Amino acid sequence: GKISMYQHPEMADNREWGAIVTIETIDGNKCKKRVDLAKGKVIRPMSNDELLDKFRTCARFSLKESEIELAINLLQRFEELEDISELCNVLMGTD
């Protein structure tokens, strides 16, 4: 399959990470979806599960699974932590 990415003219002034995605199948059928406001903005927040999934996905580039889960645990208790050095150490990874 062929994938093309470009800034759609209708989205040129969109500063909210919106997008228009068009999928064209081999037989020529098209499916188009427009989202003007990216998920995660204040007026379109992510659920807690979506936020955790996104954190895990991004953190996998630099942390081990055990470090990710420990970081999540510490971040969820952030306001209760007397010392954030353990959190900082976990987020720096072991490699």
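Residues numbered from 1 in each chain as written. Predicted model: local features only at pLDDT ≥ 70, side-chain atom pairs only at ≥ 80, totals over all residues. Heavy atoms only, no water.

## Looking at the pairing of strand S2 (residues 30-35)
Right, on to step 1. Of all six residues in S2, zero are buried; the element is thus mostly exposed.
Right, on to step 2. As judged from the six bridges shared by strand S1 (residues 19-24) and S2, these two strands associate in the antiparallel manner. Looking at S2, one finds that Ala19 is bridged to Val35.
Right, on to step 3. The turn joining S1 and S2, which pair antiparallel and follow one another in sequence, is formed by five residues; a positive phi near 95° is taken by Gly28. (Buried < 20%, exposed > 50% of the residue type's maximum accessible area, 1.4 Å probe, protein only. Helix = DSSP H or I, 4+ residues; strand = E, 2+ residues; numbered from the N terminus. Pairing = 2+ DSSP bridges.)

## Side note on helix H1 (residues 48-59)
Spacing of three or four residues puts side chains on the same side of an α-helix, whose turn is 3.6 residues.
Right, on to step 1. The end-to-end C-alpha distance of H1, which contains twelve residues, comes to 16 Å, matching closely the 16 Å that a straight helix rising 1.5 Å per residue would cover.
Right, on to step 2. Along H1, the residues classified as buried are Leu52, Arg56 and Ala59. The buried residues of H1 all sit within an arc of 75° when viewed along its axis, so they share a single face.
Right, on to step 3. The elements touched by buried residues of H1 are helix H2 (65-76). (Expected span 1.5 Å × (residues − 1). Arc of directions from axis to C-beta. Contact = heavy atoms within 4.5 Å.)

## Observations concerning the nonpolar core
Right, on to step 1. Leu52, Ala59, Leu63, Ile68 and Ile72 form the largest nonpolar core, which has five residues in total.
Right, on to step 2. Looking at this core, the elements that each hand over two or more residues are H1 and H2.
Right, on to step 3. For Leu63, the residues in contact, after removing those within four places along its chain, are Ile68, Val90, Leu91, Met92 and Gly93. (Core = buried A, V, L, I, M, F, W, Y, C linked by side-chain atoms within 4.5 Å.)

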